Amino acid sequence: MKTETINIEKSRKIKDNVILVLGALVLAAFFSFLFYRQAIMHNEEYLSDVPTEIYVALNNYTNNLLLILINSLLQLTPGFLYTIGLLEGLIQGFSWACTSVFINKYTRMSRPKSMMISLGLLFLTNIPIPWLFPRFYAGSLIAQPWHNITYIAMKPFAVLTLYNFFELYRIYSEEKRISTKHWILTMIMMALATNMNAGFMMTFGIVFTALLIIDLAKKRNNAENVLIMALTMVPALVLLFSQYAINCMSVADKPYRLVFGPSMYFFMEGIKAFVMKFVTGLAFPVLVFAYNRKKHPKYALLEAVSFLVGLIEAMFIVENGARAGNGSFLWGMQFFGFMLYAYAVPQLFVNIKDILHKRRKEKREKEEKERLYMIVCLLLVLAHIVSGLYYFYRLMQGNYFYI
């Protein structure tokens, strides 16, 4: 009987993995149409960062693996830009698969449910409110960019970094040892994410460092383990500072520097726009965090802290010189906003299941607070999904992404 159960479990895992791979390939093919049109700027529409990145890949030295891959593809298929669209589609499909696996591991969601939630999160945007804040992406705290190929390439590796880091940190904290497997994978994925786009490391590196300093100060672990944990960041930090040096050299005629001050993305449109950014983007995760305030897993709290760090960076660190207005400090905030939803959406469904189970067990009606929580959160999730799908539809028509 035990052997039969093991065989059934293995068969189920193989089936789930096959579905995951096939699903990623189908999504890659579907998304490649949008990305291809961005690459060729079809009908002089479909504006994005892709043509710029193609130009940089072909004309400038870079240590970015994505741009090196783009250069290689264009050398193999000169003039055939669909290869770039397909590459970006494959990355987006890979991102969906990575998020599905993350949700499956760290929540009570089955693999099929995790896949569905991950699919919805691909289209995550702001909830536009007419007259007050009628925006899908522009100025949002959580909307996922379809125009930025380096962010899209960063995201799956950033998700895999957290996937391995949370397990590494659990073993390090509870068992006072270092898991070699998760240590190596965390280091590699963190370096790859940083190589694609520095936004993840500029946020997560601060949180990771603070965690280790607190552990050392409060003697939660020995100095040797803290040092070994810190070493996982070294390759990513080398890449981060080398990218900074490349940016400085590439704009020598217009000195590149970082400035601490109010960002135009937050403080140039008045108090109404400032407040509505938070209301239309964070109402849902705030409700979920408030409802579950006594039982958050550590990984969710780390994601929330990382989002706050990314938000502060986005609000008060800006680039000057030739890269002024590029918004490089927005990506860490947007990624961890995405991860907040990767926790909050599954947690909402867990809450609903628990509430309904308690109702059946105790044979009583739902409390008014629980009823209100479920209705409001489900409406917010539905609004995010509908908004995201409509935004994607607009992009497929060639409309400007910054709306």
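Before any of the text, the structure's been laid out above.
Right, let's walk through the structure included here. (Residues numbered from 1 in each chain as written. Predicted model: local features only at pLDDT ≥ 70, side-chain atom pairs only at ≥ 80, totals over all residues. Heavy atoms only, no water.)

1. Describing the packing of aromatic side chains
This is how the line gets drawn: In summary, the pairing rule links any two rings of Phe, Tyr or Trp, Trp by its six-membered ring, whose centres are within 6.5 Å, and it sorts them by plane angle into stacked for under 30 degrees, edge-to-face for over 60 and tilted for everything else. Numbered from the N terminus, helices here are DSSP runs of H or I no shorter than four residues, and strands are runs of E no shorter than two. A simple rule labels every residue: compare its accessible area, found with a 1.4 Å probe on the protein chains alone, to the largest value its type can have, and call it buried under 20%, exposed over 50%, or partly exposed in between. Charges are assigned to positions over rings by a cutoff of 6 Å between ring centre and Lys NZ or Arg CZ, combined with an angular limit of 35 degrees from the ring normal.
The final tally for this structure, using the stated rule, is 48 aromatic pairs. Ring geometry for phenylalanine 136 versus tyrosine 390: centroids 5.6 Å apart, planes at 40°, classification tilted. Linking phenylalanine 136 in the loop between α5 (111-122) and α6 (149-174) with tyrosine 390 in helix α15 (residues 368-396), this pair joins segments that are 254 residues apart in sequence. Its relative accessible area of 12% is what places phenylalanine 136 among the buried residues. With a centroid separation of 4.9 Å and 55° between ring planes, the pair formed by tyrosine 400 and phenylalanine 401 is classed as tilted. Lysine 105 extends its terminal NZ or CZ atom over the ring of tyrosine 163, reaching a point 5.7 Å from the ring centre. Above the ring of phenylalanine 338, the side-chain terminus of lysine 155 is found at 4.2 Å from the ring centroid.

2. Notes on α6
Rule in force here: Helix span, expected: 1.5 Å multiplied by one less than the number of residues in the helix.
Between its first and last C-alpha, α6 extends 38 Å over 26 residues, near the 38 Å set by a 1.5 Å rise per residue. For α6, the buried fraction is high: 23 of the 26 residues fall into the buried class. Positive backbone phi, at 55°, marks lysine 176, one or two positions downstream of α6.

3. A few points about unusual backbone geometry
In this structure, asparagine 43 is a non-glycine residue whose phi angle is positive, near 55°. As for its position among the elements, asparagine 43 is in the loop between α1 (2-40) and α2 (50-59). Backbone geometry at tryptophan 131 places phi at a positive 70°, although glycine is not the residue there. On the secondary structure map, tryptophan 131 appears in the loop between α5 and α6.

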